[in-house]
Amino acid sequence: MNKLYKIHDDDNVAIALEPLKKGYAEQGVTLLDDIPFGHKVLLYDLKAGENIVKYSNPIGHLVCDAKAGSHIHEHNLKTNLGDRFEYSFSGGMAYHPSENGLTFNGYVRSNGEAGVRNEIWIIPTVGCVNNTVRLLEQIGQKKFTDGIDGVFGYTHLYGCSQMGDDQENTRKIIASLVNHPNAGGVLVVSLGCENTNVDVIKSYLGEIDENRVKFLVTQDCADELAEGEKLLSQLYAYVRKAKRVPVPISKLTVGFKCGGSDAFSGITANALCGRITDKLTDAGASVILTEVPEMFGAEHLLMKRAENKDIFDKIVGMINGYKTYFAEHNQVCYENPSPGNHDGGITTLEEKSLGCIQKGGSSVVTGVLGYGEKCAHSGLHLLTGPGNDIVSVTNLTASGAQIILFTTGRGTPLGAPSPTVKISSNTGLAGRKSGWIDFNAGELINGADADALADELLDFILSVASGKRTKNEINGYREISIFKDGVIM
């Protein structure tokens, strides 16, 4: 079996499938250095300034001459990225979904949306009542779980002493979580004097089903826990009436995220997710990609797949807007890969980005969403937001993702309010952290058939949509984090 893996015929580097020692020879190349697992080996002699090509695209340039067999990493490879680029529209791509007959067993809500879970969520409007929410969660989990999928509180730090976009972001995320179809019932808990109070939140919610959403203002009652328990009892009576029924896959929205990536993430896990994206969007389902900084260096490939000029312009605005955000904070926008990414073999941001966008497959980009904006139609959507794992999964949930596929090469237990499917990029991780990982894409390196593995993953997704619990649910890893940029009063 080969120990060096070349992704694309145009590439001038290969990836080490295991740690390799200096002197190892394969495919006409003799290693001049020890090569760690997942790291890059140069296949041809190159001069300083020439590009290193991976995924058939440049991932940076050499800063010194290098011979075939050399280790390519931070010591000799630098990014090609700058702060801003000019982009040109090359024509739209048609999107024509078709029904494929696939269904999942979900909960149809009164507004026509479908949930994959039937839970009660407890959501604070302000961090001052976080402990009240936790205590009510404990009460709910003791008394009101039989026949439903659970009672869960989602605490956060904000809701007061905020200004401008920060305050708006908090309100949008809270409202979007309240309206999420995985929540059969919601208890909104307020202090009473905060900026983001109940009356304010109601103005963000639209039409409110009073059977499904209850409000508790803790300053207005003598015993907030007793009053909260009463409201939870009412919600429980309502929520437990819902039953799973067959729902077309076109009602499904899936969010995609990668975290703790390694050099195989773009080759296996993200590429496998790309096949899932194509299957879902072809069937009229909705898919959401986020992590804008991890599109830098690969954004031109997404722009080529814009459905029309309007979508293209929105992608350009999203990319340049996020670069402006970096500049306003005096930060460079092209030094993203974390220490863990570097250890795993990822050197530059464009290398990480080219691997990251593999999750989008070849699907047409049909929408560009603002932070926390609800996904309202089918196809592939790009969601404005950072790469930070917990902020991203919260953002995806708020935008309507009923399930999140989270790829990882190094492992993470993190979970969102929505079921979070962990997909490993390598078999070693899947075996070592079986308590975290739901699906192993690393078998692609071992010769597994990509189409068959994609079909297996799609079946797994539909089983999760129909009630199968993910590892994050089993382990109790569920949390949210709201994006913050400005001052606190």
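Coordinates for the structure precede this section.
What counts and what doesn't
Residues numbered from 1 in each chain as written. Predicted model: local features only at pLDDT ≥ 70, side-chain atom pairs only at ≥ 80, totals over all residues. Heavy atoms only, no water. Helix = DSSP H or I, 4+ residues; strand = E, 2+ residues; numbered from the N terminus. Buried < 20%, exposed > 50% of the residue type's maximum accessible area, 1.4 Å probe, protein only. Contact = heavy atoms within 4.5 Å. Areas by Shrake-Rupley, 256 points an atom, 1.4 Å probe, with all protein chains shown as cover. Lys, Arg positive; Asp, Glu negative; His and termini not counted. Charge placed at Lys NZ, Arg CZ, Asp CG, Glu CD. Axes fitted to C-alpha atoms, helices over the stretch in contact; angles between N-to-C directions. Parallel < 35°, antiparallel > 145°, perpendicular 65-115°, else oblique. Left-handed = near helix turned anticlockwise from the far one by under 90°. Salt bridge = Lys/Arg side-chain N within 4 Å of Asp/Glu carboxyl O. Expected span 1.5 Å × (residues − 1). Pairing = 2+ DSSP bridges. Core = buried A, V, L, I, M, F, W, Y, C linked by side-chain atoms within 4.5 Å.

(A) Highlighting the overall build of the protein chain. Tallying secondary structure elements over the protein chain gives 13 helices and 23 strands in all. Summarising its shape, the C-alpha atoms of the protein chain cover approximately 75 × 45 × 40 Å along the three principal directions. When each of the 489 residues of the protein chain is scored for burial, the buried share is 56%. Within the protein chain, contacts between residues at least 6 apart in sequence are counted, and of these 72% link residues at least 24 apart. Summed over its atoms, the accessible surface of the protein chain is roughly 19,200 Å², and 48% of this surface lies on carbon and sulfur atoms. Considering the protein chain, the positive charge centre built from 46 side chains and the negative charge centre built from 58 side chains are found 4 Å apart.

(B) Broad picture of the side chain of Thr397. Residue position: Thr397 is located in helix 10 (residues 389-398). The class for Thr397 is buried, based on a relative accessible area of 0%. If sequence neighbours within four positions are ignored, Thr397 has contacts with Trp121, Leu177, His180, Ile404, Ala416, Pro417 and Ser418.

(C) Geometry of the packing of helix 1 (residues 130-143) against helix 4 (residues 224-239). Taken N-terminus to C-terminus, the directions of helix 1 and helix 4 make an angle of 45°; their axes are 10 Å apart at the nearest point. Judged by the angle between their axes, helix 1 and helix 4 are oblique. In the crossing of helix 1 with helix 4, the sense of the turn from one axis to the other is right-handed. Between helix 1 and helix 4, the contacting residues are Thr132, Leu135, Leu136, Ile139, Gly140 and Lys143 on the first element and Glu224, Leu225, Gly228, Glu229 and Leu232 on the second.

(D) Representation of unusual backbone geometry within the structure. Residues other than glycine seldom take positive phi values, yet Ser161 does so here, at roughly 60°. Note that Ser161 resides in the loop between strand 13 (151-153) and helix 2 (164-178). In this structure, Asn330 takes a positive phi of about 60° despite not being glycine. Checked against the element boundaries, Asn330 lands in the loop between helix 7 (309-328) and helix 8 (339-343).

(E) Examining the pattern of salt bridges more closely. The final tally for this structure, using the stated rule, is 21 salt bridges. For Glu351, the salt bridge identified is with Lys54, shortest N-O distance 2.8 Å. Highlighted residues: Glu351 in helix 9 (residues 349-356) and Lys54 in strand 6 (residues 51-54), separated in sequence by 297 residues. Accessibility assignment for this pair places Glu351 and Lys54 in one class, buried. Between Glu291 and Lys359 there is a salt bridge, with its nearest N and O atoms 3.7 Å apart. Linking Glu291 in the loop between strand 18 (286-289) and helix 6 (299-303) with Lys359 in the loop between helix 9 and strand 19 (365-369), this pair joins segments that are 68 residues apart in sequence. Each of the two residues, Glu291 as well as Lys359, counts as buried. Through salt bridges with shared partners, a single network forms among Arg117, Glu119, Glu473 and Arg478.

(F) The arrangement of helix 12 (residues 450-465) in detail. Under the 1.5 Å per step criterion, the end-to-end length of helix 12 is 22 Å for 16 residues, consistent within 8% with the ideal 22 Å. Buried within helix 12 we find Leu453, Ala454, Leu457, Leu458, Phe460, Ile461, Leu462, Val464 and Ala465. Directly after helix 12, the chain includes Gly467, whose backbone phi takes a positive value near 130°.

(G) Highlighting the sheet that holds strand 11 (residues 114-115). Taken in spatial order, the three strands line up as 11-10-16 in an open sheet, and their pairing is antiparallel. Two strands bound the open sheet, and with one partner strand each, they are strand 11 and strand 16 (245-248).

(H) Geometry of the nonpolar core. Among the nonpolar cores identified, the biggest contains 96 residues, and Ile52, Leu252, Ile315, Ile319, Ile403, Leu405 and Ile423 are the most heavily contacted of them. It is helix 12 that provides the largest number of residues to this core, a total of nine residues. Setting aside chain neighbours within four positions, we find Ile319 in contact with Tyr87, Val292, Met295, Phe296, Glu299 and Met303.

(I) Structural view of the side chain of Asp278. Relative to the elements of secondary structure, Asp278 occurs in helix 5 (residues 269-282). One buried charge, Asp278, has no salt-bridge partner; the nearest side chain with opposite charge is Arg305, at 5.9 Å.

(J) Structural detail: the sheet that holds strand 9 (residues 77-78). One open sheet holds the three strands; their spatial order is 6-7-9, and the pairing between them is antiparallel. The open sheet has two edge strands, strand 6 and strand 9, and neither has a second partner. The sheet contact formed by strand 6 and strand 7 (residues 57-62) spans four bridges and is antiparallel. By the bridge assignment, Ile52 is partnered in strand 7 with Gly60. Across the sheet, helix 9 touches strand 6 and strand 7, and the angle it forms with strand 7 is around 165°.

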